[in-house]
Each structure stands twice: as C-alpha cells, then as structure tokens.
Amino acid sequence: MANLGNISSTAELLQKYQFRMQKKYGQNFLIDTNILRKIMEAAQITKEDCVLEIGPGIGTLTQYLAETAGSVIAVEIDKDLIPILEETLAPYDNITLLNEDILKVDLQKLWEEQGGRQFKVVANLPYYITTPIIMELFESHVPLESITVMVQSEVAERMQVGPGTKAYGALSLAVQYFAKPEVMVRVPASCFIPRPKVDSMVIRLTRHINPPVEVEDEAYLFAVIRASFNQRRKTLVNGLVNAGSLGVTRQQVEDVLEQMGVSKTIRGETFTLERFAELSNRLGRVKGQ
Ligand code: SAM
C-alpha cells in the first residue's frame, strides 16, 4: 500500500537514511496525498500501461504508479536515493529502477526492451531540466501516448502560449506540434518539501496521432525553431544564419522569406507553427546548395 506522501513519513525516512536534499537535482518531494491522487486521475493509468517515471525521489508517486500500472520504469539520477527506493518499493515486483540521468538514457532501447509496448510518462519533474526532458521525450520518437507532469506554473504557461507573447518559444512550438496540452491541477508550493519559491501545475500532454502541420524533415524543423529563438533580440535572418548548423546562407534565408511574403526584419517570436513548418520545408530544399 502506498504509505508515503505526507510530511511525517517523508521526514522519518530522510532522517533514517540521513539523506540530504540536493538543490542541484531539483529535489522537491511531494507531501500531499490529495495531489498524488489527482496526478493519478489525470494520467489515466491502466494495467495495460508501461509507465516511465523520471525522478522517483523517495518513491512517493512510484508506489501509486506501481499499484495501478502494468509496469513502471523509474529513472533516478541521485545514487543516495537508491537505498531508500529499494526499501519503499520493495513490496512491488513490477518496477525497474535505474540509477541514471534521464537525458543520457537511450529511450528507444528502453522502449524496445519493454517489447515495444505503449509508454506513458508520469513525473514530478526536476525543474532545472524540464524543457530538455520534454523535448527529448518528444524527439525520441518513442510512441508515448501521454506525458503527465508536474512543472512550474511558468513552464506550464510556456507550453500553452502562441506567438507575440514573452513566454512563446521552442517549448511552446514543440508542445503544439506533438501534443494537446491540458492543465489538470494547480499545486501550491506548500505541497512540497522543501517548499519551492513558486507554485506548480500538473499538465497532461496527449500526443497527436498526426502532427497539425506537414513537415519534410522534423529534426530540421526543430533545428530551425531553436536557432530562431536562440537570439531572441535578433532578427529571424540573423538567428538562422548565426546558428551555423542549418547549412543555409544569408542570401538563401532572405530569398525564402521573400518567397513567403515576409519582411527580412521579422523576429522569430511572431512566427506560428504553420509558418515555421513552411520556412523549414523551404530552407531544407535549398540548404547546402
Ligand atoms: N517524484 C518525487 C516526488 O514527487 O516526491 C521527486 C520529485 S523531485 C521534483 C525530482 C526528482 O528528479 C529528484 O528525485 C531528483 O533527484 C531527480 N532528478 C533530477 N535530475 C534528474 C535526471 N537528470 N535524471 C533522473 N532523475 C533526476
């Protein structure tokens, strides 16, 4: 039975193992059973599912996942948490615990080892690497059905906004391209130990069956998007040319923008996903020439 998720059992366990929280790993443990239940409701896990949990911490959410899912793979970077997890997860035989950095895990291989079953991701993400993790999950091409994650409110906002807003960027476009975002629960800072400076949200990203735009080379689309937002204050042309990795000249970029009927002085933050798709398709055809 899940028995963590409150301040006294969490503190007792941390004391028993003399565990010191590591700020560098974004460790804010959940201590609210109500929120844990809401995450489970949002994630819609069944016995058919293989769940990937990123950063199990002391295993609070992992226990709930193990009771509901067919199997769970929990990837934790902090080796000092492993003995604690071995104790808290001992009652379950459907968990694979990996002491690794999620950004270095070969997700494709992991998925193949699970017999190619459909994955769902559920996690209270470490805040310092939320965006790279989400981008990695999407770009890995593992058929994730959904990603239900706790993120800082400000990141949840970035996932949902469109052009012309300060928060708009590569993450907003990746989410739009790959999934439908829905805010499921608002979570006050008081639900964690230690208490973070800002509130959080649980957001569910349900993968699109087909992306909303037609793209000839998806990796190139995201290279174009990243380059466009790397230097926010520069024009789109400068961003794309300065990136150096796109294989296009200034002249080619300017010609393509002209063909699209767009000014040479435009900034990337005004471009919609449709515009980026068109831009990357056109640039992809002329690059290297
Ligand atoms: N799931 C736990 C909970 O809800 O109480 C802990 C969540 S805490 C916000 C984030 C967890 O991610 C920590 O356990 C931290 O050590 C782990 N973590 C941080 N960076 C990681 C990485 N690169 N790969 C895997 N785990 C990581």
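Residues numbered from 1 in each chain as written. Predicted model: local features only at pLDDT ≥ 70, side-chain atom pairs only at ≥ 80, totals over all residues. Heavy atoms only, no water.

Novice: How do you make sense of the packing of aromatic side chains when you look at a structure like this?
Specialist: Any pair of aromatic rings gets described here by the distance separating the centres and the angle formed by the planes. All chains considered together, the criterion is met by eight aromatic pairs. Note on Y177 and F178: the rings are 4.9 Å apart at their centroids and 90 degrees apart in plane angle, and the pair reads as edge-to-face. Pair check on accessibility: Y177 and F178 agree, each one buried. Where F229 meets F276, the ring centres are 5.9 Å apart and the plane angle is 40 degrees; that geometry is what we call tilted. Residue F229 is located in helix α9 (residues 218–230), and its partner F276 is located in helix α12 (residues 273–286); the two are separated by 47 residues in the primary sequence. Exposure remark for F229: the relative accessible area of 10% places this residue in the buried category. Through a chain of ring-to-ring contacts, three or more aromatic side chains come together here, namely F138, Y177, F178 and F222. Taking the ring centre of Y220 as reference, the NZ or CZ of K287 above it sits at 4.8 Å. (Phe/Tyr/Trp six-rings, centres within 6.5 Å; stacked < 30°, edge-to-face > 60°. Buried < 20%, exposed > 50% of the residue type's maximum accessible area, 1.4 Å probe, protein only. Helix = DSSP H or I, 4+ residues; strand = E, 2+ residues; numbered from the N terminus. Lys NZ or Arg CZ within 6 Å of the ring centre and 35° of its normal.)

Novice: What should I look at first to understand the packing of α9 against helix α10 (residues 236–243) in this one?
Specialist: Two quantities define a packed helix pair, namely the angle between the helix axes and the distance between the axes. Direction vectors running N to C along α9 and α10 enclose 115 degrees, while the axes themselves pass 8 Å from each other. Crossing of α9 against α10: the hand is right-handed. Contacts between α9 and α10 involve V224, A227 and S228 from the former and L236, G239, L240 and A243 from the latter. Residues belonging to the contact of α9 with α10 are distributed by class as follows: five nonpolar, two polar and no charged. (Axes fitted to C-alpha atoms, helices over the stretch in contact; angles between N-to-C directions. Left-handed = near helix turned anticlockwise from the far one by under 90°. Contact = heavy atoms within 4.5 Å. Nonpolar A, V, L, I, M, F, W, Y, C, P; charged D, E, K, R; others polar.)

Novice: How should empty space enclosed by the protein be read in this particular structure?
Specialist: To find leftover empty space, a probe the size of one water molecule is rolled over the atoms. Within this structure, the stated rule accounts for two cavities of 30 Å³ or more. When its volume is computed, the largest cavity comes out at roughly 330 Å³. Lining the largest cavity we find 26 residues, and of these G55, P56, G57, E76 and N124 sit closest to its centre. Secondary structure elements with two or more residues in the lining of the largest cavity: β1 (29–30), β2 (50–54) and α3 (60–68). Along the lines of polarity and charge, the residues of the lining of the largest cavity split into 15 nonpolar, seven polar and four charged. What lines the second largest cavity is F138, L144, E145, S146, I147, A179, L205 and R207. Residue assignment for the lining of the second largest cavity shows that the elements contributing at least two residues are β6 (144–152) and β9 (200–207). Here the lining of the second largest cavity takes four residues from β6, the largest share from any one element. Here the lining of the second largest cavity is composed, by residue class, of five nonpolar, one polar and two charged. (1 Å grid on protein atoms, 1.4 Å probe; cavity = no way out; pocket = protein on both sides within 12 Å on 5 of 7 lines; lining within 4 Å. Points joined across faces, edges and corners; volume = space filled by probe spheres on them.)

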